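Survey of secondary and tertiary structure
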Amino acid sequence: AQSVTQPDARVTVSEGASLQLRCKYSYFGTPYLFWYVQYPRQGLQLLLKYYPGDPVVQGVNGFEAEFSKSNSSFHLRKASVHWSDWAVYFCAVSMSTGGLSGKLTFGEGTQVTVIS
Amino acid sequence: NAGVIQTPRHKVTGKGQEATLWCEPISGHSAVFWYRQTIVQGLEFLTYFRNQAPIDDSGMPKERFSAQMPNQSHSTLKIQSTQPQDSAVYLCASSLDRTGGPVQNTLYFGAGTRLSVL
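A brief structural summary.

Cut-offs used in this document
- Starting afresh in each chain, residues are numbered from 1 along the sequence in its written order.
- Chain labels run from A onward and ligand labels from 1 onward, assigned in the order the entries are written.
- In view of the model being predicted, local features appear only for residues whose pLDDT reaches at least 70, and side-chain atom pairs are presented and counted only at 80 or more, with totals across whole chains, interfaces and linings using the full set of residues.
- In computing side-chain values, all of the structure's heavy atoms are included and hydrogens and water are not.
- Helix and strand definitions follow DSSP, with helices as H or I runs of at least four residues and strands as E runs of at least two, each counted in order from the N terminus.
- In this scheme, a residue with accessible area under 20% of its type's maximum is buried, one over 50% is exposed, and one in between is partly exposed, where area comes from a 1.4 Å probe on protein chains only.
- Only heavy atoms matter for contacts: two residues are in contact if any of them lie within 4.5 Å across the pair.
- Computed by Shrake-Rupley with a 1.4 Å probe, the accessible areas treat only the displayed protein chains as cover when residues are assessed.
- For each structure, a 1 Å grid was placed over the protein atoms alone; sets of points admitting a 1.4 Å probe that cannot get out are labelled cavities, open sets with protein on both sides within 12 Å along at least five of seven lines are labelled pockets, and lining residues have an atom within 4 Å of a point.
- Grid points are joined across faces, edges and corners, and a volume is the space filled by probe spheres set on the points.
- Polar here means any residue other than Ala, Val, Leu, Ile, Met, Phe, Trp, Tyr, Cys and Pro, which are nonpolar, and Asp, Glu, Lys and Arg, which are charged; Gly is therefore polar.
- Definition of a polar contact: a pair of N or O atoms within 3.5 Å, with one able to donate and the other able to accept a hydrogen when the atoms are protein atoms, and with sequence-neighbouring residues admitted only if both atoms are side-chain atoms.
- To pair, rings of Phe, Tyr and Trp, with the six-membered ring standing in for Trp, must have centres within 6.5 Å; the planes then decide the type, stacked if under 30 degrees apart, edge-to-face if over 60, and tilted in the middle.
- Between any two strands, pairing holds if DSSP finds at least two bridges.

Another aspect to go through is the overall build of chain A. Secondary structure assignment for chain A yields 0 helices and 12 strands. What you see in chain A, going N to C, is helices and strands ordered as β-β-β-β-β-β-β-β-β-β-β-β. In terms of its C-alpha atoms, chain A occupies a principal-axis envelope of roughly 45 × 30 × 25 Å. Across the 116 residues of chain A, 49% fall into the buried class. When contacts within chain A are restricted to residue pairs at least 6 apart in sequence, long-range pairs at least 24 apart make up 56% of them. With the model as given, the accessible surface of chain A reaches about 5600 Å², and the carbon-plus-sulfur share is 52%.

Moving on to the layout of surface pockets. Gaps left between atoms show up when a probe the size of a water molecule is rolled over them. There is about 900 Å³ of room inside the largest pocket. In terms of lining, the largest pocket is formed by 35 residues, of which the most central are Q38(A), F90(A), Q37(B), T38(B) and I39(B). Taken together, the elements giving at least two residues each to the lining of the largest pocket come down to β10 (87-94) and β12 (110-115) of chain A together with β4 (31-38), β5 (42-50), β9 (88-95) and β11 (113-117) of chain B. Of all the elements, β5(B) adds the most residues to the lining of the largest pocket, at 4 residues. Within the lining of the largest pocket, the residues separate by chemical class into 15 nonpolar, 14 polar and 6 charged.

To continue, consider the side chain of T13(B). Residues and elements named next belong to chain B. Here T13 lies in strand β2 (residues 10-13). A distance of 3.1 Å separates the side chain of T13 from the side chain of T82, its partner in a polar contact. Discounting residues that sit within four places of it in the chain, T13 has contacts with E18, A19, T82, L115, S116, V117 and L118.

For the structure on display, the rule yields 14 aromatic pairs over all chains. Ring plane angle 85° and centroid distance 5.5 Å describe the contact between F106(A) and Y35(B), whose orientation is recorded as edge-to-face. With one member in each of two chains, F106(A) in strand β11 (residues 104-106) and Y35(B) in strand β4 form a pair that bridges those chains. In this structure F106(A) comes out as buried when scored by relative accessible area, which is 8%. You can call Y35(B) buried: its relative accessible area is 0%. Ring plane angle 55° and centroid distance 5.8 Å describe the contact between Y35(B) and F109(B), whose orientation is recorded as tilted. Pair noted here: Y35(B) is in strand β4 and F109(B) is in strand β10 (residues 108-109), with a separation of 74 residues, a long-range link. Comparing Y35(B) with F109(B) shows no difference in burial state: the two are buried. Following the ring pairs from residue to residue traces out a cluster consisting of F34(A), Y36(A), F90(A), F106(A), Y35(B), F45(B) and F109(B).

In summary, the side chains of a regular strand alternate between the two faces of the sheet. All names here are of chain A. Most of strand β9 (residues 73-78) sits out of view: 5 of its 6 residues are buried. Strand direction decides the pairing type here: strand β3 (residues 19-21) and β9, joined by 3 bridges, are antiparallel. Within β9, the residue paired with Q20 across the bridge is R77. Strand direction decides the pairing type here: strand β8 (residues 63-68) and β9, joined by 6 bridges, are antiparallel. Residue pairing in the sheet places F63 in a bridge with K78 of β9. The loop that links β8 with its antiparallel partner β9 comprises 4 residues; one of these, S72, has a positive phi angle of about 50°.

Written out as C-alpha cells, the structure reads:
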C-alpha cells in the first residue's frame, strides 16, 4: 500500500533563512507527488506537483521540490523563508493508475514556525 | 471562480444528533472527494465520486456515515447519531479527474467544516 512519511513534526526557522521539509514515500509504480500547505483555519492549498520527468519542480511563492527515486523522497525547499510561510505543510502521493484517480494519501504534516 | 465551497464552516451538535455537511465543487470538475482531518489521525480519505457516481468509499465508517452526490453541483456528507469521536474538520475537494496525470488530477480543497460533537 502506498504511504507517505514526514519525519519532522515541527520545524522552526528564522525569517530569511532557508527551509527544507522532508518527505519519504512508499509506492509501487509511478508516483505522482504533491506538496500542500494549510494556513490556520483554512483548507489545503497546492504548492507544487510532480509528474514523472524533471526531478526538480517549481511551485508557488518560491517553493521547489526535488524527487529522488533512489531515496524514495520528495523534499520541499525554499531559499528564504518569509513570516507568511508559517503554516502546516503536507506531502501527498496520488494513486493514479492510468490517471483515473486523484485519491491522495497524505503524510502527517510538518508545522513550520517562523521566528524573527 | 469561487473555489470549492463548504457549508457550514462550523457545526455544533449534541451527541446522538444528525449532522449534514455540504460541498459545492468547482464548476466543471467531475470528481469530488471527502477527507476528515483530526490531530490524532491526520488527513484521512473518506469517499470519492466521479460524475456523481460513488467510486471508492473505503474510508467511510461502515455505520452512521453516508455520502451522496445528487447532482454535479453539490455533495453531502451525513453523519447519523453523532458521537464525540466524530469531531473533526471535514474537507471536501474536487478535481477534473481526467487521464493524463497530476495536472488533471490535482485536488482543490474547500476551507472545511469543523464539526464539534458535545
